[in-house]
Amino acid sequence: MAETLAPINALIFSIFLISISHAARPTPSPSTLKAVNLGGWLVTEGWIKPSLFDAIPNNDLLDGTQVQFRSVAQGMYLCAESGGGTIIVANRTSASGWETFKLWRITETKFQFRVFNGEFIGVGSEGSDLAVAAVSNTPGVSETFEIVRNSSDSGRVRIRAPNGLFLQAKTEASVTADYSENTNWGDDDPSVFSMSIVTAMRGEFQITNGYGTEKATPVLQEHWRSFIVEDDFEFVAQSGLGGVRIPVGWWIASDPTPPRPFVGGSLQALDNAFDWAEKYNLKVIIDLHAAPGSQNGYEHSASRDGSIEWGSTQENIDQTVSVIDFLASRYAQREGLYAIELINEPRGPDVTLESLEKYYTAGYNAVRRYTTEAYVIMSTRLSADEKELLQFASRFQGSVLDIHYYNLFSDVFDNLSPQQNIDFVNNNRSTQLNSLTISNGPLVLIGEWVAEWQVNGATKEEYQRFANAQLEVYNRASFGWAYWTLKNVQQHWSLEWMIKNGYISLM
Ligand SMILES: *[C@@H]1O[C@H](CO)[C@@H](O)[C@H](O)[C@H]1NC(C)=O
Ligand SMILES: *[C@@H]1O[C@H](CO)[C@@H](O)[C@H](O)[C@H]1NC(C)=O
Ligand SMILES: *[C@@H]1O[C@H](CO)[C@@H](O)[C@H](O)[C@H]1NC(C)=O
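Residues numbered from 1 in each chain as written. Chains lettered and ligands numbered in written order. Predicted model: local features only at pLDDT ≥ 70, side-chain atom pairs only at ≥ 80, totals over all residues. Heavy atoms only, no water.

Observations concerning the nonpolar core
The condition is simple: Nonpolar cores were defined as sets of buried Ala, Val, Leu, Ile, Met, Phe, Trp, Tyr and Cys residues, with membership established by side-chain atoms within 4.5 Å. Between buried and exposed lies partly exposed: a residue is buried under 20% and exposed over 50% of the maximum accessible area for its type, with that area taken using a 1.4 Å probe on protein chains only. Here a residue-residue contact requires only that any non-hydrogen atoms of the pair lie within 4.5 Å.
Counting residues in each nonpolar core, the largest one holds 109 residues, and the members touching the most others are Trp41, Phe233, Ile246, Tyr359, Tyr483 and Ile504. Beyond its immediate stretch of four places on either side in the chain, Ile504 contacts Ala451, Ala467, Leu471, Tyr483, Leu495, Met498 and Ile499. If you look at the next biggest cluster of nonpolar residues, it comprises 27 residues, including Leu61, Phe113, Val115 and Val175.

What to know about helix α10 (residues 460-474)
The following threshold applies: Comment: elements are numbered from the N terminus, with helices defined as DSSP H or I runs of at least four residues and strands as E runs of at least two. Residue count minus one, scaled by 1.5 Å, sets the expected span of a helix.
An ideal rise of 1.5 Å per residue puts 21 Å on 15 residues; α10 measures up with 21 Å between its terminal C-alpha atoms. For α10, every residue scored as buried is listed here: Tyr463, Phe466, Ala467, Ala469, Gln470, Leu471, Val473 and Tyr474. Buried residues along α10 sit in contact with α9 (418-436), β19 (443-449) and β20 (480-483).

Some thoughts on the sheet that holds strand β16 (residues 337-341)
The pairing of strands in a sheet happens through backbone hydrogen bonds and is either parallel or antiparallel. Note the cut-off: A pair of strands is treated as paired once DSSP finds two or more bridges between them. Lines are fitted to the C-alpha atoms to define the axes, a helix being fitted only along its stretch in contact, and any angle between axes, read from their N-to-C directions, falls within 0 to 180 degrees.
Taken in spatial order, the eight strands line up as β1-β14-β15-β16-β17-β18-β19-β20 and close into a barrel, and their pairing is parallel. For this sheet, the mean inter-axis angle between neighbouring strands, taken without regard to orientation, is 25°. When strand β14 (residues 243-249) meets strand β15 (residues 283-290), the two strands line up parallel, connected through seven bridges. Note on β15: the bridge partner recorded for Ile246 is Ile286. The strands touched by α10 within the sheet are β19 and β20, with β19 carrying the most contacts at an inclination of about 160°.

Concerning the site of ligand 2
Selection rule: Think of it this way: one heavy atom of a residue within 4 Å of a molecule or strand is enough to make that residue near it. Polar contacts, as counted here, are pairs of nitrogen or oxygen atoms within 3.5 Å of one another; within protein the pair requires one atom able to donate a hydrogen and one able to accept it, and residues that are adjacent in sequence qualify only if both atoms are side-chain atoms. Accessible areas in this description were obtained via Shrake-Rupley with a 1.4 Å probe; residue shielding takes into account the shown protein chains only. Throughout, the ten residues Ala, Val, Leu, Ile, Met, Phe, Trp, Tyr, Cys and Pro are labelled nonpolar, Asp, Glu, Lys and Arg are labelled charged, and all others, Gly among them, are labelled polar.
Looking at ligand 2, the residues that line it are Glu81, Val89, Asn91, Arg92 and Ala173. Within the contact set of ligand 2, an oxygen atom lies 2.2 Å away from a side-chain nitrogen or oxygen of Asn91. Summarising the interface, the protein chains cover 45% of the accessible area of ligand 2, which totals 370 Å² for the free molecule. Taken together, the residues of the shell around ligand 2 sort by class into two nonpolar, one polar and two charged.

With respect to the packing of aromatic side chains
Any two aromatic rings considered together are summarised by their centre-to-centre distance and by the angle between their planes. Note the cut-off: Stacked, edge-to-face and tilted labels apply to pairs of Phe, Tyr and Trp rings (six-membered ring for Trp) whose centres lie within 6.5 Å, assigned for plane angles under 30 degrees, over 60, and everything in between, in that order. Look at NZ for Lys and CZ for Arg. If either is within 6 Å of the ring centre and within 35 degrees of the ring normal, a charge sits over the ring.
Scanning all chains against the criterion turns up 30 aromatic pairs. Here the aromatic rings of Phe69 and Phe193 are separated by 6.4 Å at their centres, their planes lie at 80°, and the arrangement is edge-to-face. Linking Phe69 in strand β2 (residues 66-71) with Phe193 in strand β13 (residues 193-199), this pair joins segments that are 124 residues apart in sequence. The buried category is assigned to Phe69, whose relative accessible area is 2%. For Phe193, a relative accessible area of 0% puts it in the buried group. Considering the side-chain rings of Tyr364 and Phe396, the 4.7 Å spacing of their centres and the 55° angle between planes classify their relative orientation as tilted. Note that Tyr364 is positioned in helix α7 (residues 353-368) and Phe396 in the loop between α8 (390-394) and β18 (399-404), a separation of 32 residues in sequence. For the pair formed by Tyr364 and Phe396, the shared burial category is buried. An aromatic cluster is present here, built from Phe69, Phe101, Phe113, Phe145 and Phe193 joined pairwise through their rings. For the cation-ring pair, Arg158 lies above Phe166, with the distance from its terminal atom to the ring centre recorded as 3.9 Å. It is Lys500 that lies over the ring of Phe235; its NZ or CZ is 5.1 Å from the centre.

Thoughts on the domain arrangement of the protein
Here is the rule: For the domain bounds, the source is a domain assignment made automatically or taken from a database. Accessible area that two parts lose when put together, with a 1.4 Å probe and added across both, is what the buried area reports. The rule for a salt bridge is simple: a side-chain nitrogen of Lys or Arg has to be within 4 Å of a carboxyl oxygen of Asp or Glu.
The assigned domain composition of the protein is domain 1 (17-52 + 203-500) and domain 2 (66-199). Here domain 1 and domain 2 have C-alpha centroids that lie 39 Å from each other. Contact residues are listed per partner, giving six residues for domain 1 and five residues for domain 2. Across the domain 1/domain 2 interface, buried area totals approximately 520 Å², and carbon plus sulfur atoms make up 34% of it. Connecting domain 1 to domain 2 are one salt bridge. Here Arg114 ties to Asp305 by a salt bridge, and the two come within 2.7 Å at their closest N and O atoms. The interface formed by domain 1 and domain 2 holds six residue pairs in polar contact (both at pLDDT 80 or more) in total. Split by residue class, the side of domain 1 that touches domain 2 holds no nonpolar, three polar and three charged.

As structure tokens, then:
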């Protein structure tokens, strides 16, 4: 009896110690979290589900679309001289940054044109009333133009100025708003321009402002109701995954009446996600994917035109902290809550390390006001040293660093064979991951990766080997990983498709 008591006492004592240490700090990750992103659900990404944009009139002219105009009469491109701050000229034989205009969509035919330096084109603001210049930073009626497309050739356009007259490239050095309604659309008409689209964006801002908030509301609410459903959570759980990372946008915090053009209702979808996650025993990572002002200029952070304004003022940082505060207060007591990610993919140098660290400190404290259990995830800046936050994040109990590993988006991967891609994962990624794993440091999450690459025509077996190489390396991440994404019209980017078609198995 006495002999058996001692080990039992020791066991009880060590359980006691373990529970004390648990109470003092969040539990260390018991095992690697295998998760999948629910991308393109509560934050729109057009490439994931293009059909969402189908019913928008003029849907090739959404916010952030970059266009160039060549005068057919002069054979010259319109150009914001000096990139902005002065007149518009028509004397460039080729087009680059200064000859490119970013659209702000006002109606389906009316637009404002933002130039390289950030000003907007307007009429009557410099010298002669009819000269066209890019001097305003706050676009209004004088900066709003109509694009009139030739109905048999949509790339042939005329631009009607706010005074009702049309822009013309009368001479190379001056562009004026003084051409009448009449046109033969001929090559001799100085009010006719050949318009080319350089790039386009298809995110939350584009879909909401493209339809207009009223028409966007039923479109997005139907998408939120149907794109991800309870059965998907059951599938995720049955596939050997333990959680989901859910991208959300800052406007969710002012549901049901977010600032225009955003649409209310995504909060209900997130509530549903928690119900389903808890039912199927899945962990939820809430990921603030789109912060106010956009932290990376990409469509997936709901940028209007590619600019990055997040973090530039204290007010903006405070607003973002209050979004985190809202999410933490709403979900802290939910069993499904595993972690809150303070911001996704901030991009340097526009987002400075200083403003990011200031925000992470405040955001971390906001989460801790409601829970000591949930992990708090901090993203490293894109195109910065992966290790820049390592020491900083070490100061916070239960902190996690998020890094994203794609064999894409860099010329490093141009022309790599399947085997070279796999070697890169086995050697370089695993070295990178090791160097992020330090004692008393933050845990590490590979919050996004995908079995897709720049290889054309790879076989199923090559995809399987690529996926397995990544799984093997990323399984060593101390916090875990999340595949990008569960559903996507691009097959390899859909974990559901990859599992159902035998490319990836997690069991
Ligand atoms: C479109 O432009 C062509 C010349 O390129 C012109 O012949 C035609 O009338 C224009 N169509 C309309 C509907 O204005
Ligand atoms: C275009 O016109 C402006 C205004 O006259 C002039 O300052 C500039 O040098 C011209 N640029 C070219 C490439 O001709
Ligand atoms: C990948 O690792 C190899 C071998 O360590 C190294 O020679 C190469 O420079 C690395 N590539 C990149 C892009 O870091």
